[in-house]
Amino acid sequence: MAAQEDQIHPIVQRRPRIGPRLSQININVWRVLVFFLLLGVWWLMAVVAGQNFLPTPWQTAQAAVAVVKDGSLLTATRDSLLVFIAGFVLSAAFAIPFGLFMGGFRVFGATIEAYVNALSAMPRVAFIPVIIVFLGLGYEAKIFIVFIGAVMPILINTYAGVLNCDGELVEMARSAGGTDMQIFRKIMLPGALPYITAGLRVGASLALINTVVAELYTAVKGLGGLLSIYGNSFRMAQYFVVVCVLAIIGVAVMQTLKLLEHRMDRWRYRGERT
Amino acid sequence: MNDAAAGIVVRNVSKTFRRAKETTGVQALHAVSLDIKPNTFVSLVGPSGCGKTTLLRMLNGLIHPDEGEILVGGVPPVPGPHMGFVFQSFRLMPWRTIRDNVSFTVELSGMDAKERADRADKYLDMVGLRRFADAFPNELSGGMKQRAALARALIAEPRYLLMDEPFASLDAQTREFMQIELMKIWQHHKSIVVFVTHSVDEAVVLSDQIVLLRPRPGEVAEVLDVDLPHPRWDYDVRERHEFVTMRRHLWERIKDMVAADPQSEFYMRGAKTEPIRGAEE
């Protein structure tokens, strides 16, 4: 029986691919090439604009060694990461359960939805003075600013994920005697996962932006603080070091989330790589 | 439990679907009565709109009749693992492996993980999918997916198997193999099978009894017994005289129903028309 199987039904219906298959080596080579290309463009622009406006990559590297040696960069990075991670984790810890709750209880969700949308459309910077009044200029205020920046996309995506659950699967589970709670846990929640991870990715980038915003608007600290100090005193080489560190953090966070996504959605990415 | 109590009884069942804020609706079924004996394979056939699928969902207890009563094993039906349901769209959870999809039914009823994995493997064996236990649904062909869905229904050892056009989305060849597969499984695990299909062929090949429904509103037009000897995979059923006669008879009736149905796209396009009840409205 099993042996014949193979000939009658070969494994088909893999995810259709557009263009040739990406191999890991290929993409890494391309990434490195583009990196040097960008470096070249940067260097060219620095030469044309003059180093008072734009430092060359080499000057930036030298400045990097200096700020690493005197410890200011590491302290600032640690401060910023603390604010970012605390704010982002808090927003996820609040937004995911709340979004699931909104999706699980339709009346509640539909009622709250209007206010969620209103809040998400409002520029969150507007809250900063109020936050400073209540929470001061320290970590609490910064973390809260990151929190309100990241919470809405995660919440809205989680809610949308639950609402977009597969009605056919729900009926299947119901026909087999599944309770509402079982259907929610075993059908709706896993079905919402791709939406939740998408929300987390948007939330993470907003959290990073808000970390810098918070450090500029409240007590000047962390990487945002360094940007402000170096920017105001026209130390452009040091300024660019901070910009690069922020970019690296951004890439690292996104890659981590992507890995997490692939692990959770194993079936979708089988045979593919990050 | 005696025979009568283990069967399915449908008495005078009517069902109308209404959209919100509408007083009139579409009557899906009108005064349908059926009596299905234990260990019988019954097919529900008829043109689109005859309420076959509605009736099947009512037998499962997913929806309830407006009038009349349904008794499954002597009691009104409640959805559960004892009533295996197989859908046309396979409805496998894409994020679960085939094994975990199959064991879903018994997972709902609280069987522990070790036991349900063993059970899943046993039923995967039965449908010939053991080697694909760890694959994901998107790695399988349509026929394999439907076998997995069948295993998911069978794993709870249901006394009633309700199948809603299960092979309709498969290619013609896979479909015939699946019919044989189903007949073999049914031979070993006798139960009531209620099988909804658009295919007259399929109904005659598989069933002990065929219930022909007519559309708008859905009513029982005729109940036929199929007297072809079992097991039917040993010979070519389609060559038998009884098969040909019954197939022709059913097909003629369905053609007439469709031609006389003003809401059908083939209205008045049949050779002869015979007015049917409800068509005048």
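Rules used in this analysis
Residues numbered from 1 in each chain as written. Chains lettered and ligands numbered in written order. Predicted model: local features only at pLDDT ≥ 70, side-chain atom pairs only at ≥ 80, totals over all residues. Heavy atoms only, no water. Helix = DSSP H or I, 4+ residues; strand = E, 2+ residues; numbered from the N terminus. Rg over C-alpha atoms; globule rule 2.2 N^0.38 Å. Buried < 20%, exposed > 50% of the residue type's maximum accessible area, 1.4 Å probe, protein only. Core = buried A, V, L, I, M, F, W, Y, C linked by side-chain atoms within 4.5 Å. Domains from an automatic or database assignment. Contact = heavy atoms within 4.5 Å. Pairing = 2+ DSSP bridges. Axes fitted to C-alpha atoms, helices over the stretch in contact; angles between N-to-C directions. Buried area = accessible area lost by both parts, 1.4 Å probe. Salt bridge = Lys/Arg side-chain N within 4 Å of Asp/Glu carboxyl O.

S.K.: Tell me about the overall build of chain B, and please be specific about residues and values.
M.R.: When you go through chain B residue by residue, the secondary structure sums to nine helices and nine strands. Over its C-alpha atoms chain B spans a radius of gyration of 19 Å, differing by no more than 12% from the 19 Å that the globule rule assigns to 281 residues. Considered along the principal axes of its C-alpha atoms, chain B spans approximately 60 × 50 × 40 Å. Here chain B holds 281 residues, and 56% of them are scored as buried.

S.K.: Report on the nonpolar core, specifying residues and quantitative values.
M.R.: Within the largest apolar cluster, 90 residues are counted, with the highest numbers of intra-cluster contacts made by Phe 88 and Ile 187 of chain A together with Ile 8, Val 10 and Val 194 of chain B. Both of domain 1 (38–63 + 78–82 + 161–281) and domain 2 (88–157) of chain B provide at least three residues apiece to this core. Aside from chain neighbours lying at most four places away, what touches Phe 88 of chain A is Val 146, Ala 150, Ile 154, Leu 200, Gly 203, Ala 204, Ala 207 and Leu 257 of chain A. Counting residues in hydrophobic clusters, the runner-up holds 54 residues, among them Val 127, Ala 133, Ala 151 and Phe 167 of chain B.

S.K.: Go over the sheet that holds strand 1 (residues 8–17) of chain B with me, naming the residues and quoting the values.
M.R.: Residue and element names in this part refer to chain B. Sheet architecture is open: three strands sit in the order 2-1-4, paired in antiparallel fashion. Whereas interior strands pair on both sides, the edge strands pair on one side only; in this sheet they are strand 2 (26–36) and strand 4 (67–72). Across the sheet, the mean angle separating the axes of adjacent strands is 20° when strand polarity is ignored. Most of the contacts of helix 2 (residues 52–60) go to strand 1, to which it runs at about 120°, and overall it touches strand 1, strand 2 and strand 4.

S.K.: So what about unusual backbone geometry? Which residues, and what values?
M.R.: Residues and elements named next belong to chain B. Of note, the bond from Arg 216 into Pro 217 is cis; its omega dihedral lies within 30 degrees of zero at -5°. At Asn 12, a position not held by glycine, the phi torsion is positive, near 55°. For Asn 12, the position within the fold is in strand 1. Given the relative accessible area of 45%, Asn 12 is considered partly exposed.

S.K.: How would you explain the domain arrangement of chain B if you had to name every residue and give the values?
M.R.: Residue and element names in this part refer to chain B. Taken as a whole, chain B is organised into domain 1 (38–63 + 78–82 + 161–281) and domain 2 (88–157). The centre of domain 1, based on its C-alpha atoms, is set 26 Å off from the matching centre of domain 2. Of the residues lining the interface, 17 residues belong to domain 1; the matching set on domain 2 comes to 16 residues. Contact between domain 1 and domain 2 buries roughly 1300 Å² in total, counting both sides, with carbon and sulfur atoms accounting for 70%. The largest share of the area that domain 1 buries against domain 2 comes from Pro 81, Met 178 and Ile 185, three residues that together contribute 35% of it. At the surface where domain 1 touches domain 2, the tally comes to one salt bridge. Note that Glu 181 and Arg 147 form a salt bridge whose closest N and O atoms lie 3.6 Å from each other.

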